[in-house]
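Structural overview
Now for the letters of each chain:
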Amino acid sequence: MTDVTGAPADVLHTLFHSDQGGHEQVVLCQDRATGLKAVIAIHSTALGPALGGTRFYPYASEAEAVADALNLARGMSYKNAMAGLDHGGGKAVIIGDPDIVKSEELLLAYGRFVASLGGRYVTACDVGTYVADMDVVARECRWTTGRSPENGGAGDSSVLTAFGVYQGMRASAQHLWGDPSLRGRLVGIAGVGKVGHHLVRHLREDGAEVVITDVREDAVRRILATYPDGGATAVADTDALIRTEGLDIYAPCALGGALSDDTLPVLTAKVVCGAANNQLSHPGVEKDLADRGILYAPDYVVNAGGVIQVADELHGFDFERCRAKAAKIYDTTLAIFARAKTDGVPPSAAADRIAEQRMAEARRRR
């Protein structure tokens, strides 16, 4: 069903009437000469210009693309607020298979649309877009981050993403076991790609044992070759990983939806802390985790190292300055656990409340 504008009614209801809406602006972009179809969603600028990546994905429908942009933009508002950044939340999606339709001309056209917003939205990399793509977009748009060092950017953000997740694990260990050290702990990592392999390094340096899995055999082989001392072992798949006896921490670092009604009953870990986005398959899972006594470090809090890095590009990138900011994820995670205990809610709900409070205070100061 559509409304009088021809837009899907369910999308407009989400935008204007549901709790998941409340977005300030949604821009539909089209450039027929290059085949560009994109959606730019700005959820909030209460804390500053909206910041979030550009996802390039072959959505099944335009409605699905709009819905994804809305959800992702809202999530970025919370992530940026909890990271202590002076940025609101935004996200863009480009509709299409990047392996087929992505071109320099299309990216330049997209850059012009972002530039037309005059700095209300700052873009970066996401699924389907890379540093080289942001270099192209930046030729038309000054509000572009995630660029290469050769073009004034910070390059790959996975290093600080992994560092932030590691800090979240340390905070979880401090909260649960009274010691931030991970020495002797067994950590299971699902996905040892760009972020996961850096996370393994932090854990091994701290004395943790790791068990890994990845759908790509070459990624697993790289880890095992790097740590031939036996400190890193591999299992066949995620199902085997979450059933591993003696697992202290489970780190989903691949796809979202890792915590579901199917996986939760067999999960042996006492802590869940990983880099993947949207780890909860539905809202009720957070309560199920709490009921089972499993400590959940909210994903959008602990994986914020990457957005901290790209945000710093706007001020002249300094790695050590970014690393210091990412190190604060430890304190932020501890504060969330304390708030959750005080309020009697799961950590994800506590994180949402803290983020919402910061955004509300910023609006009142306007």
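In what follows, the accompanying structure is described. Just so it is clear, the structure is predicted and the values come from calculations on it, not from any experiment.

Examining the overall build of the chain
- Check the secondary structure of the chain and you find 15 helices and 12 strands.
- Over its C-alpha atoms the chain spans a radius of gyration of 20 Å, differing by no more than 12% from the 21 Å that the globule rule assigns to 366 residues.
- Its C-alpha atoms give the chain principal-axis dimensions of roughly 55 × 45 × 40 Å.
- Per-residue burial over the chain gives 52% buried out of 366 residues.

Some words on the sheet that holds strand β7 (residues 186–190)
- Strand order in the open sheet formed by six strands is β9-β8-β7-β10-β11-β12, and the pairing between neighbours is parallel. The outermost strands of the open sheet, each flanked by one partner alone, are β9 (232–234) and β12 (295–296).
- As judged from the two bridges shared by strand β10 (residues 249–252) and strand β11 (residues 271–272), these two strands associate in the parallel manner. Opposite Tyr250, over in β11, you have Val272 as the bridge partner.

Comments concerning helix α8 (residues 217–226)
- Of all the positions in α8, only Ala219, Val220 and Ile223 are classed as buried. What you see down the axis of α8 is that its buried residues fit within an arc of 100°, all on one side. In α8, those exposed residues whose orientation departs by more than 90 degrees from the buried face are Glu217, Arg221 and Ala225.
- Buried-residue contacts for α8 involve α7 (196–205), β8 (209–213) and β9.

Here we look at the packing of aromatic side chains
- This structure, assessed with the given rule, holds two aromatic pairs.
- Centroid distance Tyr57 to Tyr59: 5.1 Å. Interplanar angle 70°. Geometry classified as edge-to-face.
- Take Tyr59: its relative accessible area is 9%, and that puts it in the buried class.
- Ring centres 6.3 Å apart and planes at 75° place the aromatic pair Tyr78 and Tyr300 in the edge-to-face group. Here Tyr78 is found in helix α2 (residues 62–82), whereas its partner Tyr300 is found in helix α11 (residues 299–302), with 222 residues between them in sequence.
- We note Arg170 situated over the ring of Tyr330; from NZ or CZ to the ring centre the distance is 4.7 Å.
- If you follow Arg185 out to its NZ or CZ, it ends over the ring of Trp177, 3.8 Å from the centre.

Some remarks on the nonpolar core
- By size, the foremost hydrophobic cluster in this structure holds 46 residues, and its most contacted members are Met169, Ile189, Leu199 and Leu203.
- Per element, the largest residue contribution to this core is seven residues, and it comes from helix α6 (residues 158–177).
- Setting aside residues up to four positions removed in sequence, Leu203 forms contacts with Tyr166, Met169, Leu182, Val187, Ile189, Ala208 and Val210.

Quick look at the packing of helix α14 (residues 329–343) against helix α15 (residues 347–365)
- Running from N to C, α14 and α15 cross one another at 105°; their axes reach a closest spacing of 8 Å. By the angle class used here, α14 and α15 are roughly perpendicular. Packed against α14, whose contacting residues are Ala335, Ile336, Phe337, Arg339, Ala340 and Asp343, the element α15 presents Pro347, Ala350, Ala351, Arg353, Ile354 and Gln357 at the interface.

Looking at the pairing of β10
- Where burial is concerned, the two faces of β10 agree: the one with Ile249 and Ala251 and the one with Tyr250 and Pro252 are both buried.
- Two strands pair when backbone bridges link them, and β7 and β10 are joined in this way by four bridges, in the parallel orientation. For Val187, the partnering residue across the bridge sits in β10 and is Ile249.

What about the pattern of salt bridges?
- Counted under the stated rule, the structure contains 23 salt bridges.
- For Lys102, the salt bridge identified is with Asp133, shortest N-O distance 2.7 Å. Of this pair, Lys102 sits in the loop between α3 (98–101) and α4 (104–115) while Asp133 sits in helix α5 (residues 131–138), and the two are 31 residues apart along the sequence.
- A relative accessible area of 24% means that Lys102 is categorised as partly exposed.

Observations regarding the environment of Pro347
- Turning to its location among the elements, Pro347 is positioned in helix α15.
- As for Pro347 and Val136, which are separated by 211 residues in sequence, their C-alpha atoms are 39 Å apart.
- Excluding residues within four positions of it along the chain, Pro347 makes contact with Leu295, Tyr296, Pro298, Ile336, Phe337 and Ala340.

Examining the environment of Thr145
- With respect to the secondary-structure elements, Thr145 resides in the loop between α5 and α6.
- A relative accessible area of 0% places Thr145 in the buried class.
- Separated by 181 residues in the primary sequence, Thr145 and Ala326 place their C-alpha atoms 17 Å from one another.
- If we skip the residues at most four places from it in the chain, Thr145 touches Leu51, Val122, Thr123, Ala124, Met134, Val310, Glu313 and Leu314.
- A distance of 2.9 Å separates a polar side-chain atom of Thr145 from the backbone oxygen of Thr123.

A look at the packing of α6 against α7
- Where α6 meets α7, the closest approach of the two axes is 8 Å, and the angle between their N-to-C directions is 45°. As judged from the angle between their axes, α6 and α7 are oblique. α7 is crossed by α6, and the crossing has right-handed handedness. Residue-level contacts link Ser158, Val159, Ala162, Phe163, Val165, Tyr166 and Met169 of α6 to His198, Leu199, His202 and Leu203 of α7.
- Residue classes in the contact of α6 with α7 are distributed as eight nonpolar, three polar and no charged.

Reading guide: rules and limits
- Residues numbered from 1 in each chain as written.
- Predicted model: local features only at pLDDT ≥ 70, side-chain atom pairs only at ≥ 80, totals over all residues.
- Heavy atoms only, no water.
- Helix = DSSP H or I, 4+ residues; strand = E, 2+ residues; numbered from the N terminus.
- Rg over C-alpha atoms; globule rule 2.2 N^0.38 Å.
- Buried < 20%, exposed > 50% of the residue type's maximum accessible area, 1.4 Å probe, protein only.
- Pairing = 2+ DSSP bridges.
- Arc of directions from axis to C-beta.
- Contact = heavy atoms within 4.5 Å.
- Phe/Tyr/Trp six-rings, centres within 6.5 Å; stacked < 30°, edge-to-face > 60°.
- Lys NZ or Arg CZ within 6 Å of the ring centre and 35° of its normal.
- Core = buried A, V, L, I, M, F, W, Y, C linked by side-chain atoms within 4.5 Å.
- Axes fitted to C-alpha atoms, helices over the stretch in contact; angles between N-to-C directions.
- Parallel < 35°, antiparallel > 145°, perpendicular 65-115°, else oblique.
- Salt bridge = Lys/Arg side-chain N within 4 Å of Asp/Glu carboxyl O.
- Polar contact = N/O pair within 3.5 Å; in protein donor to acceptor, adjacent residues only side chain to side chain.
- Left-handed = near helix turned anticlockwise from the far one by under 90°.
- Nonpolar A, V, L, I, M, F, W, Y, C, P; charged D, E, K, R; others polar.

By themselves these figures say nothing about function.
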